[in-house]
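Chains, contacts and geometry: an overview
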Amino acid sequence: MRFALGQTSSFFTKNSKRSSIFNRIITFFKYLNQSLDTLVLAFNCKTGICLALLIVLFAGTRVQPQNGATMVSGATPDNMISPITYHNGPIMPGPHDVYFIWYGNWIGHPALSILPDLIHGLNGSPYFNVNTIYNDSTGATVDNLVSLNGQIFDNYSQGTSLSAVQVFNVVNNALVNGSLPYDANGIYFVLTSADVAQTSTPTASGAFCQQSSQGYCGWHYFGTFEGRLGRIAFVGNPATQCPATAPLACSHQSITPNGDEGADAMANVIAHELSEAVTDPNLTAWYDNTGQELADKCNFTFGSTFPAPNGSQANVALGGRNFLLQQLWINSKCVTSLPPPPSPTPTPTATPTPTPAPTPRPTPCVGRDCLPQG
């Protein structure tokens, strides 16, 4: 889902997939009113992908605003009551191939090493292992396997303000021109620099870092790329638009474990969106009765922390670095690792019956020892 400010992330708000046809029509007209430029983009798209994405959007998305990383805590009393249940859709068993598209100006930025280290560290980690408890109708589960399979740069090909459709265009262009391969196991992250605005999810009003309940920090979704299903995510750099000092923020602390507030905040949102992408890639698998996925329910909750060398707070060590990553949901609580399995109950053993001492064998009488004693 949408990673809200201080909170969730998704392309077209994930909750609308469970809406009625009537609600989808209403959402369609609200979206047109909000973003007519997107419709024009659809018809101007040379590959036809934009129009196809709009068709997918209005056929199967959710209307609830939270479709990704929001800007407020997700661990509310109501969230803690409602369990996540399975809705018969696919998961991504694995392996999980991550691709980064660095959009905008990233020259010399610390994120270029921090965020790849995050992905490398997630592979086989206790943190990503939380996702392995989620399965599909065949019994397949999410594997604890993550790799960074490719990175490219995009120098503002869609401008400095991106609608959701333009985010999809960024991914589509990379696939069409061969900069990145099409990968059925891929999750394509569009990572925008601090000077780039992102203006829609787009099934609900709101924008990246918007200072309202409709603000968000990122989102994940799916679409059709030249007839092939692909999964994408958006994560923006909040360092200037909604840092930790903002009333609603996508960053939890100004001093951060790796010394760059924007990159560390993005690491948290990437962990959120990646976990949701593998457990609910098509928005038809694992979520609760309000549409929230496993990361939404624990948005901006971190559990126990430890001090990093620079005095900031962290809660996991991955890829040789410390990070502060939100917890993930297992039904009834938020965690950063699965609890250890209960110790097996020992099988009671019968108390052995003591073996009676053997009765001494009588010694034959010899001589006077056999005489009766008087």
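Remember, predicted model here, so these are calculated numbers, not experimental data. (Residues numbered from 1 in each chain as written. Predicted model: local features only at pLDDT ≥ 70, side-chain atom pairs only at ≥ 80, totals over all residues. Heavy atoms only, no water.)

Looking now at the state of the cysteines. Tallying each qualifying case throughout the model produces 3 disulfides. Put simply, Cys217 and Cys250 are joined by a disulfide, and their sulfur atoms are 2.1 Å apart. As the torsion about the S-S bond is roughly -95°, the Cys217-Cys250 disulfide counts as left-handed. Of this pair, Cys217 sits in strand β9 (residues 216–225) while Cys250 is found in the loop between β10 (228–236) and α8 (261–279), placing the two residues 33 residues apart along the sequence. One disulfide in the model links Cys298 with Cys334; its S-S distance is 2.2 Å. The sign of the S-S torsion, about -95°, decides the handedness of the disulfide formed by Cys298 and Cys334: left-handed. In this pair, Cys298 sits in the loop between β11 (286–287) and β12 (306–307) while Cys334 sits in strand β17 (residues 333–335), placing the two residues 36 residues apart along the sequence. A residue is classified by how much of its surface remains accessible, and Cys298, at 0% relative accessible area, is buried. The exposure class assigned to Cys334 is buried, which follows from its relative accessible area of 13%. When the bonded cysteines of the chain are counted from the start of the sequence, the pairing works out to 1-3, 2-4, 5-6. (Disulfide = S-S within 2.5 Å. Helix = DSSP H or I, 4+ residues; strand = E, 2+ residues; numbered from the N terminus. Buried < 20%, exposed > 50% of the residue type's maximum accessible area, 1.4 Å probe, protein only.)

Enumeration according to the criterion identifies 13 aromatic pairs in this entry. With a centroid separation of 5.1 Å and an interplanar angle of 70°, the aromatic rings of Tyr134 and Trp286 are classed as edge-to-face. Residue Tyr134 is located in the loop between α6 (126–129) and β5 (146–154), and its partner Trp286 is located in strand β11; the two are separated by 152 residues in the primary sequence. Trp286 gets classed as buried once you look at its relative accessible area, which sits at 13%. Between Phe208 and Phe234, the aromatic rings sit 5.5 Å apart at their centres with planes inclined by 85°, giving edge-to-face as the arrangement. With Phe208 in the loop between β8 (197–198) and β9 and Phe234 in strand β10, this residue pair connects regions lying 26 residues apart in the sequence. Accessibility classification places Phe208 together with Phe234 in one group, the buried group. (Phe/Tyr/Trp six-rings, centres within 6.5 Å; stacked < 30°, edge-to-face > 60°.)

The interhelical angle for the contact between helix α5 (residues 111–122) and α8, taken along N-to-C directions, is 35°, at an axis separation of 10 Å. Here α5 and α8 pass one another in a crossing that is right-handed. Contacts between α5 and α8 pair Ala111, Ile114, Leu115, Leu118, Ile119 and Leu122 from the former with Ala263, Met266, Ala267, Ile270 and Leu274 from the latter. Among the residues forming the contact of α5 with α8, the class breakdown is 11 nonpolar, no polar and no charged. (Axes fitted to C-alpha atoms, helices over the stretch in contact; angles between N-to-C directions. Left-handed = near helix turned anticlockwise from the far one by under 90°. Contact = heavy atoms within 4.5 Å. Nonpolar A, V, L, I, M, F, W, Y, C, P; charged D, E, K, R; others polar.)

Turning to α8, a few remarks are in order. Taking 1.5 Å of rise per residue, the 19 residues of α8 would be expected to cover 27 Å, and the 28 Å separating its terminal C-alpha atoms lies within 8% of that figure. Across the 19 residues that make up α8, a large majority, 19, are buried. (Expected span 1.5 Å × (residues − 1).)

The subject of this paragraph is the pairing of strand β4 (residues 96–103). With 8 of 8 residues buried, β4 is to be regarded as a mostly interior element. Where burial is concerned, the two faces of β4 agree: the one with His96, Val98, Phe100 and Trp102 and the one with Asp97, Tyr99, Ile101 and Tyr103 are both buried. Taken together, the 8 bridges between β4 and β5 define a ladder with parallel strand orientation. Note that in β5 the partner of Tyr103 across the bridge is Asp154. Two elements, β4 and strand β7 (residues 186–192), share 7 bridges in a ladder whose sense is parallel. Looking across to β7, one finds that Trp102 is bridged to Leu191. (Pairing = 2+ DSSP bridges.)

The next point concerns the nonpolar core. Residues Phe100, Leu115, Phe189, Leu191 and Leu274 are the most contacted members of the largest nonpolar core, which totals 84 residues. Here this core takes 9 residues from α8, the largest share from any one element. For Leu191, the contacting residues outside a window of four places in its chain are Phe100, Ile101, Trp102, Tyr103, Trp106, Leu115, Val235, Met266 and Ile270. (Core = buried A, V, L, I, M, F, W, Y, C linked by side-chain atoms within 4.5 Å.)

This part covers the confidence of the model for the chain. Detailed reading of the predicted coordinates is not advisable wherever pLDDT is low. A residue-level look at the chain finds 71% of positions with pLDDT of 70 or above and a mean pLDDT of 80. Across residues 6–67, where pLDDT falls below 50, the model places 218 contacts with residues more than four positions away in sequence or in other chains. Contacts for the low-pLDDT stretch residues 361–374, under 50 throughout, to residues beyond four places or in other chains number 1 contact. (pLDDT = per-residue confidence, 0-100.)

Here Thr279 lies in helix α8. Looking at Thr279, its side chain comes within polar contact range of the main-chain oxygen of Ser275, at 2.9 Å. (Polar contact = N/O pair within 3.5 Å; in protein donor to acceptor, adjacent residues only side chain to side chain.)

Of all 9 residues that make up β10, 7 are buried, and the element is covered over most of its length. Note that β7 and β10 share 6 bridges and pair parallel. Each residue of the ladder has a partner; that of Val190, found in β10, is Phe234. One ladder, built from 8 bridges, connects β9 with β10; its direction is antiparallel. In the strand pairing of β10, Phe222 is matched with Arg231.

Here helix α7 (residues 164–176) is 13 residues long and its end C-alpha atoms lie 18 Å apart, about the 18 Å a rise of 1.5 Å per residue gives. The buried count for α7 comes to 11 of 13 residues, which makes it a mostly enclosed element. Just beyond α7, the residue with positive phi is Gly178, at close to 80°.

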